[in-house]
Amino acid sequence: MNYQKLDAAIATELNDVQDPQETSLGVFIHTEPILDSAATAVLESLGVSGVTTGKDIFTATLSPNAISQLSEQPWVKYLKRSQQLRLVNRRINTPKLGV
């Protein structure tokens, strides 16, 4: 594993993972802008969708083993943890205007 390509959030979570095969970590994969067919095949084999030439940021949910494999690829710049977004169901308190 090349820890220099991992952000702190991924590195921390990798220490707490029980099953290295479980695909549980959402990540942004930052790559070189031009991927050859071998790089495209690696990404697709790991379940990354939307792999097209000229694109350099991909999102995926990966296992720790897949993250390790990607971190060793020379065309991967770095891997960053993706946060799960959730809707905020909160009413904003705005003062009522009186007439």
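The preceding data block contains the structure.
Residues numbered from 1 in each chain as written. Predicted model: local features only at pLDDT ≥ 70, side-chain atom pairs only at ≥ 80, totals over all residues. Heavy atoms only, no water.

Visitor: What am I meant to see in the nonpolar core here?
Guide: Soluble globular proteins tend to pack their nonpolar side chains together in the buried interior. Ile 29, Leu 43, Leu 62, Ile 67, Leu 70, Trp 75 and Leu 79 are the most contacted members of the largest nonpolar core, which has 22 residues in total. When sequence neighbours within four positions are dropped, the list of residues in contact with Leu 43 reads Ile 29, Leu 35, Val 48, Val 51, Phe 58, Leu 70 and Trp 75. (Core = buried A, V, L, I, M, F, W, Y, C linked by side-chain atoms within 4.5 Å. Buried < 20%, exposed > 50% of the residue type's maximum accessible area, 1.4 Å probe, protein only. Contact = heavy atoms within 4.5 Å.)

Visitor: Looking at this structure, I do not really get the environment of Gly 47. What am I missing?
Guide: Turning to its location among the elements, Gly 47 is positioned in the loop between α2 (37–45) and β2 (57–62). On a C-alpha basis, the gap between Gly 47 and Ala 66 in space is 9.7 Å, while along the polypeptide they are 19 residues apart. (Helix = DSSP H or I, 4+ residues; strand = E, 2+ residues; numbered from the N terminus.)

Visitor: What is the right way to read the environment of Pro 20 from this model?
Guide: Mapped onto the secondary structure, Pro 20 falls in the loop between α1 (8–16) and β1 (25–31). A relative accessible area of 38% places Pro 20 in the partly exposed class. Between the C-alpha atoms of Pro 20 and Leu 62, which are 42 residues apart in sequence, the distance is 9.8 Å.

Visitor: What is the right way to read the pattern of salt bridges from this model?
Guide: Close approach of charged atoms allows side chains with opposite charge to pair. With the rule as written, the count across this model stands at one salt bridge. Between Arg 81 and Glu 13 there is a salt bridge; the shortest N-O distance is 2.7 Å. You can see Arg 81 sitting in strand β3 (residues 76–81) and its partner Glu 13 sitting in helix α1, a full 68 residues away along the chain. (Salt bridge = Lys/Arg side-chain N within 4 Å of Asp/Glu carboxyl O.)

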